[in-house]
Amino acid sequence: MKKFLKMMLAVICGILVLWIIGIMIFSMFAAAGSKTQAVPAEGLLKVDLSKVAIDEQANEAFTLGGTQVTPMGLYTAVRAIEAAAEDPGVKGIYLKPDGASLGIAQMQEFRIALDKFRKSGKPIVAYTENLSTSSFYLASVADKVYITSSIGGTPTFNGLSSQMYFLGDLLSRLGVNVQLIRHGKYKSAGEMYIRSSASADNLHQTQVFINSLWKSFGTEIAASRGLSFEALNKAIDGLKLGLPEDFVKFGLADEALDREGLEEKLAVLAQVQSFQCVKMIPFAGYAEKKVKTNFRSCKKIAILYANGEIVEGLDKQNVDGDRFASMIEEIRKDSTIKAVVLRVNSPGGSVTASEKIKSELDRLAGVKPLIASYGNYAASGGYWISNNADKIYSNPTTITGSIGVFGMIPDFSKLITETAHIGINAVSSNKHGDMMSMTRPFTKEEYAYIQSGIEAIYERFVNIVAEGREMDPKKVDEIAQGRVWAGSDALEIGLVDEMGTLEDALAFAAISAGDENLGAWNVVEYPKPLVFTDIFASLMNPQDEDYSIYMSWYNNWKKGKVEYAFASMPYRVTVK
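As the structure is a computational prediction, the values presented were derived from the model and not from experiment. (Residues numbered from 1 in each chain as written. Predicted model: local features only at pLDDT ≥ 70, side-chain atom pairs only at ≥ 80, totals over all residues. Heavy atoms only, no water.)

Visitor: Would you mind going over the overall build of the protein with me for this structure?
Guide: The helix and strand tally for the protein stands at 20 helices and 23 strands. When the accessible surface of the protein is split by element, carbon and sulfur atoms take 55% of a total near 26500 Å². (Helix = DSSP H or I, 4+ residues; strand = E, 2+ residues; numbered from the N terminus. Areas by Shrake-Rupley, 256 points an atom, 1.4 Å probe, with all protein chains shown as cover.)

Shown next, in the form of structure tokens:
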């Protein structure tokens, strides 16, 4: 026994030592990544998106795997591009879009900033070596688009696609019966656990919003290159864009170049005799130097980032109900904050947490202007908390709506008894005491009981949307039913007010607060960016965002806090 205890103690000590060493190493990486870069006074602004991770809100910089990655908030990135347009030292932008770490709406907003820079009279040159739909979408904004001449750089530019996976047959064979209760024929969250393929309604809504997203992307690409959207689609559908020279021939790229050829073009752009004389201004360093907060101003506009799943409990990586409710209360009580922009980038989640957050946002909206700005997602719970804003800005590619509710309780009885051959006996004080034990299926009475709760929550959802959007509840119900909409379609049916960026929302907030000069305001951000220890913890304990809502439910179930109803999207969409 003593030997066993010694071994256990040694293992525990070893784990602690490795943890401490890991934190020390990560700390050194963070320090190395956060060193201020040398920034030339003039030259080409090099925007290499493989080294700058643009997200809703920046965290601490760090170095991982030998590559320095500098996280940068979207608002900071846009302001840096704007500063460059006015800076006489910046002769142009050299854009490397490969490896971009951006969501759909973030990509669109950053491209808008680049387009404004180009229209200011300064040139942009883009060069791609691994052309994909996302990298070419960004590259197409440039005055000159160059593509690698290497055969190894074969493009993958085939439009947008969404893959859905279904585990119904597998779970059935394992003896797991997932009991899905929902309201809304389009509320397809949970379908993957009960079906072997998508329902007709799910396929329909997915096809409609994928088409809308592609129309937005494809129209912008075609317009930038002097083509029609129809011609672009014809080339893609006909598989006419397989090699670098195909892009040049079709007019999507200006020239296929090797590295030496590119260097010659950059020397011309920088207005110098040779590439050796070209000075590159690193984007991260430039943003750090040029983008300043107006700390002198006592007038503040707050940006509140609702970024991630909406969950119960403490989870700094997501939108946790109690923490966010307290944060909103703090903002409401701060007399120096005159207006708030709620930046939503959430597919939804917990109904309980959504209600907590909405309740505090309603109180805030009663005393200060509340403007919503939608990022990649503002769906289900993300729409629940934000639809009562004074004005809602959305991107055309934002995925929103999903006004619906579902509950999902697995029944493991067959897995336990028939597969694992484990006996179960339940002893309860009342008839339905073991209803949520997940060791037996629901009875008809119990299913109806859960369904009545789902119906009540759905009715609540419809009514708060009707109140927030000043619509008839019957009209809301028609466009609800759990259906997912692209931002451009959401505008037509009244779910949002205007197509616009985060910066547009801030400009309107400034006007609403009484001073349209945004530069006169001190823009403060909530919550505070994560520090390196938070990032390190997330690396040590990775969690797939598609399943985090279910893990949150499971953890609460273990604690006896059963929440069976969710307002969440069925899937996520990324552009490769």
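Visitor: What am I meant to see in the sheet that holds strand S5 (residues 90–96) here?
Guide: Hydrogen bonds between backbone atoms are what pair the strands of a sheet, whose relative direction is either parallel or antiparallel. One open sheet holds the six strands; their spatial order is S9-S7-S6-S5-S1-S10, and the pairing between them is parallel. Looking at the sheet topology across the chains shown, the edges are occupied by strand S9 (255–257) and strand S10 (280–282). Looking at each pair of strands side by side, their axes are set apart by 30 degrees on average, direction ignored. The pairing of strand S6 (residues 124–128) with strand S7 (residues 144–148) spans four bridges and is classified as parallel. Considered in S7, the bridge of Ala126 is made with Val145. Contacts between helix H3 (residues 104–119) and the sheet are confined to strand S1 (43–48), S5 and S6, with S5 contributing the most and set at about 145 degrees to the helix. Packing of helix H9 (residues 259–269) onto the sheet brings it into contact with S1, S5, S6, S7, S9 and S10, and relative to S9 it is tilted by some 115 degrees. (Pairing = 2+ DSSP bridges. Axes fitted to C-alpha atoms, helices over the stretch in contact; angles between N-to-C directions. Contact = heavy atoms within 4.5 Å.)

Visitor: Teacher, can you tell me more about the pairing of strand S11 (residues 300–307) here?
Guide: Looking down a regular strand, the side chains alternate between one sheet face and the other. Among the eight residues of S11, six are classified as buried, and the element is accordingly described as predominantly covered. Note: S11 against strand S22 (residues 522–526), five bridges, orientation parallel. The residue of S22 that forms the bridge with Leu304 is Tyr526. Here S11 pairs with strand S14 (residues 337–346) via eight bridges, running parallel. Looking at S14, one finds that Ile301 is bridged to Ala339. (Buried < 20%, exposed > 50% of the residue type's maximum accessible area, 1.4 Å probe, protein only.)

Visitor: So what exactly am I meant to see when it comes to the environment of Glu191 here?
Guide: Residue placement: Glu191 occurs in the loop between strand S8 (177–183) and helix H6 (200–224). Spatially, the C-alpha atoms of Glu191 and Met408 are 10.0 Å apart, while their sequence positions differ by 217 residues. Among the polar contacts listed, one links the side chain of Glu191 to the side chain of Asn202, at a separation of 3.1 Å. (Polar contact = N/O pair within 3.5 Å; in protein donor to acceptor, adjacent residues only side chain to side chain.)

Visitor: When you look at the packing of helix H2 (residues 74–86) against H3 in this model, what are you seeing that I'm missing?
Guide: A packed helix pair is summarised by two numbers, namely the angle formed by the two axes and the spacing between the axes. One can describe the packing of H2 onto H3 by two numbers: an axis separation of 9 Å at closest approach and a directional angle of 10 degrees. Considering the angle they form, H2 stands roughly parallel to H3. Along the contact surface, H2 presents Leu74, Ala77, Val78, Ile81, Ala84 and Ala85, while H3 presents Gln106, Glu109, Phe110, Ala113, Leu114 and Phe117. (Parallel < 35°, antiparallel > 145°, perpendicular 65-115°, else oblique.)

Visitor: Whenever I open this one, the pairing of S14 confuses me. Can you help?
Guide: Of all 10 residues in S14, nine are buried; the element is thus mostly enclosed. Pairing geometry for S14 and strand S16 (residues 370–379), over six bridges, is parallel. Across the sheet, Ser346 pairs through a bridge with Ala378, a residue of S16.

Visitor: I keep staring at the nonpolar core and nothing clicks. Help me out?
Guide: As a rule of thumb, soluble globular proteins bury nonpolar side chains together. Membership of the largest hydrophobic core comes to 62 residues, with the highest contact counts inside it found for Leu45, Ile81, Phe110, Phe157 and Phe283. In this structure Ile81 touches Leu45, Val47, Ile93, Phe110, Ala113, Leu114, Phe117 and Phe283, once residues within four positions along its chain are discounted. Residues Ala306, Leu370, Ala372 and Leu495 belong to the second largest nonpolar core, which totals 55 residues. (Core = buried A, V, L, I, M, F, W, Y, C linked by side-chain atoms within 4.5 Å.)

Visitor: Would you mind going over the pattern of salt bridges with me for this structure?
Guide: When charged atoms on two side chains of opposite charge get close, those side chains can pair. Taken as a whole, this structure holds 24 salt bridges when the rule is applied. One salt bridge connects Arg343 with Glu56, and the closest N-O pair in it is separated by 2.6 Å. In this pair, Arg343 sits in strand S14 while Glu56 sits in the loop between strand S2 (52–55) and strand S3 (62–64), placing the two residues 287 residues apart along the sequence. Between Lys299 and Asp515 there is a salt bridge, with the nearest N and O atoms lying 2.7 Å from each other. Note that Lys299 is positioned in the loop between helix H10 (283–290) and S11 and Asp515 in the loop between helix H18 (502–512) and S22, a separation of 216 residues in sequence. In this structure Lys299 comes out as partly exposed when scored by relative accessible area, which is 28%. (Salt bridge = Lys/Arg side-chain N within 4 Å of Asp/Glu carboxyl O.)

Visitor: Explanation requested: the packing of aromatic side chains in the structure shown.
Guide: Taken as a whole, this structure holds 10 aromatic pairs when the rule is applied. Between Phe157 and Phe247 the ring centres are 5.9 Å apart and the planes differ by 55 degrees, which places this aromatic pair in the tilted class. One end of the pair, Phe157, is in the loop between S7 and helix H5 (168–174); the other, Phe247, is in helix H8 (residues 244–250), and 90 residues separate them in sequence. Judged by relative accessible area, Phe157 falls into the buried class, the value being 1%. On the basis of relative accessibility, which here comes to 0%, the residue Phe247 falls in the buried class. Note on Trp384 and Phe461: the rings are 4.5 Å apart at their centroids and 45 degrees apart in plane angle, and the pair reads as tilted. One end of the pair, Trp384, is in helix H13 (residues 381–384); the other, Phe461, is in helix H15 (residues 444–469), and 77 residues separate them in sequence. Owing to a relative accessible area of 1%, Trp384 belongs among the buried residues under this scheme. (Phe/Tyr/Trp six-rings, centres within 6.5 Å; stacked < 30°, edge-to-face > 60°.)

Visitor: Hey, could you run me through the confidence of the model for the protein in this one?
Guide: The predicted structure's coordinates, where accompanied by low pLDDT, should not be read in detail. In this model, the protein carries a mean pLDDT of 86, and residues with pLDDT of at least 70 account for 83%. The low-confidence segment residues 1–5, where pLDDT is below 50, has zero contacts with residues more than four positions distant or belonging to other chains. Segment residues 24–36 is flagged for pLDDT under 50; beyond a separation of four residues in sequence, or across chains, it makes 20 contacts in the model. (pLDDT = per-residue confidence, 0-100.)

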